[in-house]
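Structural features, examined
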Amino acid sequence: MKNTTETFRNAKTKQEKLVMLTAYDYSTAKIIDSCDINGILVGDSLGMVCLGYENTLSVTMEDMIHHTKAVVRGAKNTLVVADLPFMSYQTSIYDAVFNAGRLIKEGHATAIKLEGGALVCDRIKAIVDAQIPVMGHIGLTPQSVNAFGGFKIQGKSIDKAKQLIEDAKKIEEAGAFAITLEGIPEKLAKLITESINIPTIGIGAGKYCDGQILVYQDMLGMFDDLAPKFVKKYGDIGKNMREAFNSYAKEVRSSAFPDEAHSFKIDQNIIDELIK
Ligand code: KIV
């Protein structure tokens, strides 16, 4: 069944948990799309897990469009949400609408996500008015890493917690169809989830969110530059890849690969003719 923003809105009413993963390329998107997953986020986390930057700040609109196009080709039933990268919407409402439009027109995403609370609600409203569905994102928003002084859990003081509840309400009012809650205490995420009518998608925000998202390389053990406490490993594909790459190297060096089963034949008469 095709997942849409309507599916997301209805899931909250029906108290059905939403499940999302990130993806950045065609073949991964195709595998995810064949599973029971509601949404794919083409996250600007691609800057870290695909491009090797130490944070997400260097990701460009061109990077996002390039990877979003690839993911959309592999995702037939999954809702594809693409991230607006750092400085593509902070600069003005015009830039926000223009760049959100590029992710839809050129990247072929169905919805966009941007980071921030009350301060970005004018952008959210303008993008929604342009008929583009928006997912909000509050808490440990990675584009604010320098302002936060590192990747730190947010909302631990009374003022910060109140601010996050207010931010979530304002994002809903601005017209977003869902909000990502990242890196906030479980009980605060529960309060936020209960105080709004749109679904919350948690990452490092505990079990009371309406859904969950993980970066696929994190949950498959393919990326170990950072090891956040909230990541559960559902596989050790990194280990499997290393084993497979080493077996391949060993077999090439010992001439065990390619063997007969992986090679092509030619009539011996032709070879005889060629070497006579
Ligand atoms: O960029 C990303 O992958 C994200 C998720 C961590 C929510 O924003």
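First, a word on scope: everything that follows refers to the structure included in this document. Small disclaimer: the values here were computed from a predicted structure and weren't measured.

Analysis parameters
- Residues numbered from 1 in each chain as written.
- Predicted model: local features only at pLDDT ≥ 70, side-chain atom pairs only at ≥ 80, totals over all residues.
- Heavy atoms only, no water.
- Buried < 20%, exposed > 50% of the residue type's maximum accessible area, 1.4 Å probe, protein only.
- Helix = DSSP H or I, 4+ residues; strand = E, 2+ residues; numbered from the N terminus.
- Pairing = 2+ DSSP bridges.
- Right-handed = clockwise from strand over helix to strand, strands pointing away.
- Polar contact = N/O pair within 3.5 Å; in protein donor to acceptor, adjacent residues only side chain to side chain.
- Contact = heavy atoms within 4.5 Å.
- Phe/Tyr/Trp six-rings, centres within 6.5 Å; stacked < 30°, edge-to-face > 60°.
- Lys NZ or Arg CZ within 6 Å of the ring centre and 35° of its normal.
- Near = heavy atom within 4 Å.
- Areas by Shrake-Rupley, 256 points an atom, 1.4 Å probe, with all protein chains shown as cover.
- Nonpolar A, V, L, I, M, F, W, Y, C, P; charged D, E, K, R; others polar.
- Axes fitted to C-alpha atoms, helices over the stretch in contact; angles between N-to-C directions.
- Core = buried A, V, L, I, M, F, W, Y, C linked by side-chain atoms within 4.5 Å.

Our next topic: the pairing of strand β2 (residues 39–42). Covered by surrounding structure in β2 are G39 and L41 together with I40 and V42, the residues of both alternating faces. The sheet contact formed by strand β1 (residues 18–22) and β2 spans three bridges and is parallel. Bridge pairing links T22 to L41 in β2. A crossover connection joins β1 to the parallel β2 through helix α2 (residues 26–33); in handedness this β-α-β unit is right-handed.

The subject of this paragraph is the side chain of Q143. Mapped onto the elements of the fold, Q143 is located in the loop between β5 (134–139) and α7 (145–148). Engagement of the side chain of Q143 in a polar contact is seen with the side chain of D44, the distance being 2.7 Å. At a separation of 3.1 Å, a polar atom in the side chain of Q143 contacts the main-chain carbonyl oxygen of L84. Beyond its immediate chain neighbours, meaning those up to four positions away, Q143 contacts D44, T56, L57, L84, P85, F86, Y89, Q90 and E115.

A few words on the environment of K229. When you line up the elements, K229 lands in the loop between α10 (216–219) and α11 (237–253). Given the relative accessible area of 85%, K229 is considered exposed. Put simply, K229 and K156 are 73 residues apart on the chain and 17 Å apart in space, counted from C-alpha to C-alpha.

A full pass over the atoms with the stated rule returns four aromatic pairs. Note on Y94 and F98: the rings are 5.9 Å apart at their centroids and 15° apart in plane angle, and the pair reads as stacked. With Y94 and F98 both in helix α5 (residues 93–105), this residue pair falls four residues apart, about one helical turn. By relative accessible area, which is 60% here, Y94 ends up exposed. The positively charged end of K190 is found above the aromatic ring belonging to Y208, 5.4 Å away from the centroid.

Before going further, it helps to examine the site of the ligand. Near the ligand, the surroundings consist of T22, L41, G43, D44, S45, D83, K113, H137, T180, E182, I203 and V215. Here an oxygen atom of the ligand and a side-chain polar atom of S45 are 2.5 Å apart. Side-chain polar atom of D83 to an oxygen atom of the ligand: 3.2 Å apart, as the coordinates give it. With the chains in place, 96% of the 260 Å² that the ligand exposes on its own is no longer accessible. Residues that form the shell around the ligand fall into these classes: three nonpolar, five polar and four charged.

As a rule of thumb, non-glycine residues mostly have phi less than zero, and peptide bonds are mostly trans rather than cis. Cis geometry marks the peptide bond from F257 to P258; its omega dihedral reads 0°. Relative to the assigned elements, P258 resides in the loop between α11 and α12 (268–275). Of note in this structure, Q15 is not a glycine but carries a positive phi near 55°. Checked against the element boundaries, Q15 lands in the loop between α1 (5–13) and β1.

Now for the sheet that holds strand β6 (residues 178–182). With parallel pairing, the eight strands of this closed barrel are ordered in space as β1-β2-β3-β4-β5-β6-β7-β8. Averaged over all pairs of adjacent strands, the angle between strand axes in this sheet comes to 25°, irrespective of strand direction. Against the sheet, helix α4 (residues 61–74) engages β2 and β3 (79–83), with an angle of about 155° to β2. The sheet strands contacting α5 are β3 and β4 (111–113), and the helix crosses β4 at an angle near 135°.

Here we come to the nonpolar core. Ranked by internal contacts, the top residues of the largest apolar core, which has 57 residues, are L84, I112, L114, I127, L181 and I192. With six residues, helix α8 (residues 158–174) is the single largest residue contributor to this core. Discounting residues that sit within four places of it in the chain, L181 has contacts with I138, A189, I192, T193, T200, I201, G202, I203, A205 and C209. Within the second largest apolar cluster, 14 residues are counted, among which are L41, F177, A178 and I201.

Note that all results are geometric; they support no functional claim without further evidence.
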